[in-house]
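A look at the structure
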Amino acid sequence: MDANLTTYSYVAVTNGVISELGSGTAPANAIQIPTGAAIYPGFIDSHSHAISFLVPTINGPDGSPFWLNLANVNVMLQPPCPAQPSCFTPTTTQDQVINALKSAKPNAMGWVLGWNYEPSRLSCNSNKTYGFLCPNNFENENQQTALQQMDAIRTDVPMMVTSESGHIVYVNTKGLAALNLCPPGSDTTKCYAPVFNPGVEWKLAQRGQLDEDLAVYAVSYIIAHMNEVMKTQNDPLPVFRQLITSSTQKYSQLGYTTVQEGAANPDVIAAYIAVARASPLPVRMAFLDYIQLPIGDAAYPKHIAIAAALRDTLASSDMFLAGIKLFADGTNQGYTSDMTSPVQYTNLNKPFTDPTIFPRQPYNGLADLDVNGLSQVVQWSHAKHLPVFIHTNGNKAQGNTLAALTGNPAAGIRDVIVHFTMPTQEQIQSVAQAGTIGVTFLMNDFYYYYQPLCEQLLQASGTANLYPAAWAAASGLHLGLHSDTSVTPPSPLFSVWVASTRSVQAPSWMPSLLPQCQTNRTNQLISRLQAIKAYTSDAAWLYNRDAARPGITPIGSLQKQYAGDLVVFSADPLDPATDLSTVKVLYTVHNGKVVYSDPTGSNPVVWPN
């Protein structure tokens, strides 16, 4: 896929880079592909959390899993049950969640752990009432706090449940105590204190709800504990090794050649380096460094300097530090995105209506960093020639993010707005005029979560142009599409299908989509070609790797001297007659080496819906 969409009959790769693109007879030693198959640049992941992709697959010493899979989205792309040995059945009700937690045998650490719980898509009775109208979901306290609900399920062991968004964790009393949290202002050499909105986060934690950096800390704490239980003298990183190896292999099987670890830290990056040293990974890794410190901490700019040094260290490897990760706000499904008029959250209950926790009423979300905090980190990062990737969902957070980025441009640096859920056309134009800002849309979220967002959280007026890819494409923006795995499954062709159809899931356990939500659905269609560019040439632009630079081999295009990253599909995704749900990956080639091979297409496609 070059700028002219030239079609070739073969691609030659020498010493890891594309050396020839031919239209005649292929060389004698060429790998022959079936008639109808198509070669594309290897797909580029513009935002996900690869290490958390397959967490529920990790077993303890007794062979039983550490985590219960509570997901109602097939994130891990498992075959539908009753396939064996591993299959997927969606969790559809809150009662299923409660019963699974009640009956679970404590794992090898003595915990009960639930993974990827999502209340906004769970039904609560036979007439298909669902989501935050249910009286017993952990997030929206219609009757009891999350802590009270979790304690009502069991008090015999520590218990923790993660949300599908990754921004919220729920705990019972024993789980809260075991995580070794402490209030703001404590000596953090002995415990972990909340970083962003510390007063609010601490009050929520006492109610059993851990938000934002507390959620990241809690999951990291548990995974580290899992590794301690499993490590041996010969292998100090067994859990990290399995998570990294299995997830990167799965990404490769889906046609990716570049994958992102979207909220890493030096310890996680060190684990990747150690695993890759023992056995090279089948993909190129891009890291975002997430610094869990208050902006006012004198150590923050020092950590950015450490990140810059790490970037230089990784320069000669098949990994790179893509930038600094910032959170402007949280998640729409969790009511923690930062909103302003005309968007207003609806169906709110406690804790959000409690003025002792959220003095600003009516509640309309919460910023992790305001425009001043964002601007300060942008300046520090740019001073070290590091871009920033800013997570933003709410319309107020998007305004703050744009002000911070457009007010602090730096030559040669491309910053990225991650998610960019509900920008106005004026904000899209602001990005286009800057010329140095890219965006990446969580298109799968539209498929899975449009219904609860439109019907329960933001109403039709607030969801009229979610993930406005058509506006972005028409304005000439470089846009990526991403899965945010483990929020949604990392299937790139599925994202292409969603972006080019604006399809919305209609689960059997939920009611039909309301008429007022039908009219907004297809406002922002883009073509398959535009969507595939979002996984190839445009995604390469986001990483500033779309053209050769000193020390950088470009990616994302079939051109001479570009990286030998290719994916061979069983049929051409750009052919309108091709059903994307049937397309298989026959080969994935990374740096000129075949890292995945299924030449006959014998492996079944697991389509996420």
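None of these values were measured; they are calculated from a predicted model.

Scoring rules and cut-offs
- Residues numbered from 1 in each chain as written.
- Predicted model: local features only at pLDDT ≥ 70, side-chain atom pairs only at ≥ 80, totals over all residues.
- Heavy atoms only, no water.
- Helix = DSSP H or I, 4+ residues; strand = E, 2+ residues; numbered from the N terminus.
- Buried < 20%, exposed > 50% of the residue type's maximum accessible area, 1.4 Å probe, protein only.
- Contact = heavy atoms within 4.5 Å.
- Areas by Shrake-Rupley, 256 points an atom, 1.4 Å probe, with all protein chains shown as cover.
- Phe/Tyr/Trp six-rings, centres within 6.5 Å; stacked < 30°, edge-to-face > 60°.
- Lys NZ or Arg CZ within 6 Å of the ring centre and 35° of its normal.
- Disulfide = S-S within 2.5 Å.
- Axes fitted to C-alpha atoms, helices over the stretch in contact; angles between N-to-C directions.
- Parallel < 35°, antiparallel > 145°, perpendicular 65-115°, else oblique.
- 1 Å grid on protein atoms, 1.4 Å probe; cavity = no way out; pocket = protein on both sides within 12 Å on 5 of 7 lines; lining within 4 Å.
- Points joined across faces, edges and corners; volume = space filled by probe spheres on them.
- Nonpolar A, V, L, I, M, F, W, Y, C, P; charged D, E, K, R; others polar.
- Pairing = 2+ DSSP bridges.

Our next topic: the overall build of the chain. A count of helical and extended segments in the chain gives 18 helices and 19 strands. Projected onto the principal axes, the alpha-carbon positions of the chain cover approximately 70 × 55 × 55 Å. Out of the 609 residues belonging to the chain, those deemed buried represent 58%. Partitioning the contacts of the chain with sequence separation of at least 6, the portion at a separation of at least 24 is 72%. Just so you have it, the chain exposes about 22,300 Å², and 53% of that area is on carbon and sulfur atoms.

All right, on to the packing of aromatic side chains then. Going through the model one piece at a time under the given rule, you end up with 32 aromatic pairs. Through successive ring pairs, a cluster of aromatic residues spans Tyr40, Phe43, Phe53, Tyr251, Tyr256, Tyr535 and Phe569. In this arrangement the basic side chain of Arg502 is found over the ring face of Phe446, its NZ or CZ atom lying 4.0 Å from the centre.

So, about the state of the cysteines. Across all of its chains, the model carries four disulfides by this definition. Paired through a disulfide, Cys182 and Cys191 show a sulfur-sulfur distance of 2.0 Å. As the torsion about the S-S bond is roughly 85 degrees, the Cys182-Cys191 disulfide counts as right-handed. Here Cys182 and Cys191 have matching classes, each one buried. Look at the chain and number its bonded cysteines as they come in the sequence; the links are 1-2, 3-4, 5-6, 7-8.

To continue, consider the packing of helix α6 (residues 238–253) against helix α7 (residues 266–278). Two numbers describe how α6 lies on α7: the axes approach to 10 Å, and their chain directions differ by 75 degrees. As judged from the angle between their axes, α6 and α7 are roughly perpendicular. Contact residues: α6 offers Phe240, Arg241, Ile244 and Thr245, while α7 offers Ala271, Tyr272, Ala274, Val275 and Ala278.

Under the counting rule described, the total for this entry stands at three cavities of 30 Å³ or more. The volume enclosed by the largest cavity comes to roughly 90 Å³. If you go around the largest cavity, you meet 13 residues; those closest to its centre are Thr331, Gln333, Asn393, Leu442 and Asp484. Grouping the amino acids of the lining of the largest cavity by side-chain chemistry returns three nonpolar, eight polar and two charged. Put simply, the second largest cavity is a space of about 80 Å³. Lining the second largest cavity are Phe196, Asn197, Val200, Glu201, Leu204, Asp211, Glu212, Thr336, Phe358, Tyr363, Leu366 and Asp368. In terms of residue count, the dominant contributor to the lining of the second largest cavity is helix α4 (residues 198–205) (three residues).

Here we take up the sheet that holds strand β3 (residues 38–41). Strands in a sheet are paired, the pairing made by backbone hydrogen bonds, and the direction either parallel or antiparallel. Spatial ordering of the open sheet is given by β3-β17-β18-β19, a layout of four strands whose pairing is antiparallel. Strand pairing shows two members of the sheet lacking a second neighbour, β3 and β19 (593–597), which therefore form its edges. Averaged over neighbouring strand pairs, the angle between their axes works out to 20 degrees when direction is ignored. Pairing geometry for strand β17 (residues 566–569) and strand β18 (residues 585–590), over four bridges, is antiparallel. Bridging across to β18, Leu566 finds its partner in Val589.

Relative to the assigned elements, Phe358 resides in the loop between β12 (319–327) and α9 (371–383). In this structure the C-alpha to C-alpha distance between Phe358 and Ala315, which are 43 residues apart in sequence, comes to 45 Å. Not counting the four nearest positions on each side in its chain, Phe358 is found in contact with Val200, Leu204, Pro351, Phe352, Tyr363 and Leu366.

The next point concerns the environment of Leu54. Following the sequence through the fold, Leu54 ends up in the loop between β4 (43–44) and β5 (67–69). The spatial distance from the C-alpha of Leu54 to the C-alpha of Lys250 is 9.5 Å, given a sequence separation of 196 residues. Once residues within four sequence positions are removed from consideration, Leu54 is found in contact with Met76, Leu243, Ser246 and Ser247.

Strand order in this open sheet of five strands is β5-β6-β7-β8-β9, and the pairing throughout is mixed. Single-partner strands in this sheet number two, and they are β5 and β9 (209–211). Averaged over all pairs of adjacent strands, the angle between strand axes in this sheet comes to 25 degrees, irrespective of strand direction. By the bridge criterion, three bridges tie β5 to strand β6 (residues 112–117) in an arrangement that is parallel. By the bridge assignment, Asn69 is partnered in β6 with Trp115. On the sheet, helix α2 (residues 146–153) packs against β7 (159–163), β8 (168–171) and β9 and is oriented at approximately 50 degrees with respect to β8. Strands β5, β6, β7, β8 and β9 of the sheet are contacted by helix α5 (residues 213–230), whose axis makes an angle of about 100 degrees with β9.

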